[in-house]
Amino acid sequence: MRQSQSVILYSLLMAGVVLASNILVQYPVQGTVYGISLADLLTWGAFTYPFAFLVNDLTNRQFGPTAARKVVIAGFIVGVAFSFYASMPRIAIASGTAFLVGQLLDTTLFNRLRRQSWWKAPLVGSLFGSILDTVLFFSISFAAVFAFIGANDEFALGVAPLFGVFPFMDVPRWVSWALGDLSVKLAFSLIMLLPYGALMTWLRPMRPVNA
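Residues numbered from 1 in each chain as written. Predicted model: local features only at pLDDT ≥ 70, side-chain atom pairs only at ≥ 80, totals over all residues. Heavy atoms only, no water.

A few points about the overall build of the chain
Working step 1: Looking only at helices and strands, one finds 9 helices and 4 strands in the chain.
Working step 2: Going residue by residue from the N terminus, the α and β elements of the chain occur as α-β-β-α-α-α-α-α-α-β-β-α-α.
Working step 3: With the principal axes as the frame, the chain shows a C-alpha extent of 55 × 35 × 25 Å.
Working step 4: Among the 211 residues that make up the chain, the fraction classed as buried is 47%.
Working step 5: About 10,900 Å² of surface is accessible on the chain, with carbon and sulfur atoms providing 71% of the total.
Working step 6: Charge centroids of the chain, computed over 13 positive and 8 negative side chains, lie 23 Å from each other. (Helix = DSSP H or I, 4+ residues; strand = E, 2+ residues; numbered from the N terminus. Buried < 20%, exposed > 50% of the residue type's maximum accessible area, 1.4 Å probe, protein only. Areas by Shrake-Rupley, 256 points an atom, 1.4 Å probe, with all protein chains shown as cover. Lys, Arg positive; Asp, Glu negative; His and termini not counted. Charge placed at Lys NZ, Arg CZ, Asp CG, Glu CD.)

Below you can see the structure in the form of C-alpha cells.
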C-alpha cells in the first residue's frame, strides 16, 4: 500500500477515535470504588481517547513525523468541528487545543526516541502527551482564569473533597475530574504498548527517518 493511501487510512482511524471519544465523553462511568463515585470522575471517552496516541505512534513509526502530523491535523479538524456542533465554544476550544498540542508533543518525543528501546518512544510520548492534554483541556474548560473564553461553570469551580472522599483536601471539582481522567490515560499508556509491540514488526519503517 502506498504511503498516501496509508496516511489516509490512519487519518480515518484517528478521526474515528476522536469522534467516538467526543460522543462517549457524554456518558459517565457508573459504579463506586472505595467510596468514590466513578460517575463524578470518569466518562467512557477516557477509555477510547488513548487510542489516538496509538494511531499517532504507528503512523510515526512507519512513515515518520511529517505523516504523523498530517494524521493529527485530520483528527483535530474532525474533533473541533464536532465539538463546536455538540458543546459550548469554550469546551470546543479546550478540546481542540488539548488534542493538537498533546498529539504534536507525542509526535516530537516519539521521533526523538525512536532509535532507543522499542517501548520508550511510544510510552514517553503518550505519557507526556496525556499529561499536557489533560492539563490544557480541564484548565481551559473550567479554571476561572480562562473565563474570558466563556462563562465559568460554577459547579465545576465549586470546592469539594478530592474525589469526593478526602475531607482534608478540598479542591475545585474540576481538579478531581482531571485527576480521574489522567489516571486512566496513564494506565492506558502502558496498556497500549501491547498492541504497539504486536504491530511494530509488521508495520516496519518505509525508510530512514531523520525529522
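Still more to cover.
A word on the UniProt feature "transmembrane region" (unreviewed entry) in the chain
Working step 1: UniProt's entry tags residues 7-27, 33-55, 67-85, 123-149, 155-175 and 182-203 with the feature "transmembrane region" (unreviewed entry), counted in the numbering of this structure.
Working step 2: For residues 67-85, the helix share is 100%, the strand share is 0%, and the end-to-end C-alpha distance is 28 Å.
Working step 3: Between the C-alpha atoms that bound residues 123-149 there is a distance of 33 Å. The span itself is 74% helix and 0% strand. (UniProt positions renumbered as here; feature names shortened; annotations may be inferred.)

Structural notes on the pairing of strand β3 (residues 159-162)
Working step 1: Pairing of β3 with strand β4 (residues 166-172) involves 4 bridges; the strand directions are antiparallel. Within β4, the position partnered with A160 by the bridge is V171.
Working step 2: In sequence, β3 turns back onto β4 through a hairpin of 3 residues, with F163 there showing a positive phi of about 60°. (Pairing = 2+ DSSP bridges.)

Section: the packing of aromatic side chains
Working step 1: Tallied over the entire structure, the rule returns 13 aromatic pairs.
Working step 2: Geometrically, the ring pair formed by F47 and F188 is edge-to-face, given 5.9 Å between the ring centres and 75° between the ring planes. Here F47, found in helix α2 (residues 45-48), pairs with F188, found in helix α8 (residues 173-191); they are 141 residues apart in sequence, far enough to count as distant.
Working step 3: With relative accessibility at 26%, the residue F47 sits in the partly exposed group.
Working step 4: Summarising the aromatic geometry, the rings of Y49 and F53 are spaced 5.9 Å apart at their centres and angled 85° between planes, so their arrangement reads as edge-to-face.
Working step 5: We classify Y49 as buried; its relative accessible area is 11%.
Working step 6: By the ring-pair criterion, three or more aromatic residues cluster together here, those being F137, F138, F142, F155 and W177.
Working step 7: Taking NZ or CZ as reference, R173 lies 4.1 Å from the ring centre of F155, over its face. (Phe/Tyr/Trp six-rings, centres within 6.5 Å; stacked < 30°, edge-to-face > 60°. Lys NZ or Arg CZ within 6 Å of the ring centre and 35° of its normal.)

Structural notes on a nonpolar patch on the surface
Working step 1: A contiguous nonpolar patch, built from L19, I23, Y27 and W44 and spanning about 390 Å² of accessible area, is present on the exposed surface.
Working step 2: You can see W44 is positioned in the loop between β2 (36-37) and α2. (Patch = residues over 30% accessible without salt bridge, like charges linked within 9 Å, V, L, I, M, F, W, Y side chains within 5 Å. Salt bridge = Lys/Arg side-chain N within 4 Å of Asp/Glu carboxyl O.)

Focus on the pattern of salt bridges
Working step 1: Tallied over the full model, the rule gives 2 salt bridges.
Working step 2: One salt bridge in this structure joins D133 and K185, with 2.6 Å as the shortest N-O distance. Taken as a pair, D133 in helix α6 (residues 120-142) and K185 in helix α8 lie far apart in primary sequence, 52 residues in all.
Working step 3: According to the relative accessible area criterion, D133 is buried, its value standing at 5%.
Working step 4: Its relative accessible area of 6% is what places K185 among the buried residues.
Working step 5: For K185, the salt bridge is made with D181, and the minimal N-O distance between the two is 2.9 Å. Of the two residues, K185 and D181 both sit in helix α8, 4 residues apart, roughly one turn of that helix.

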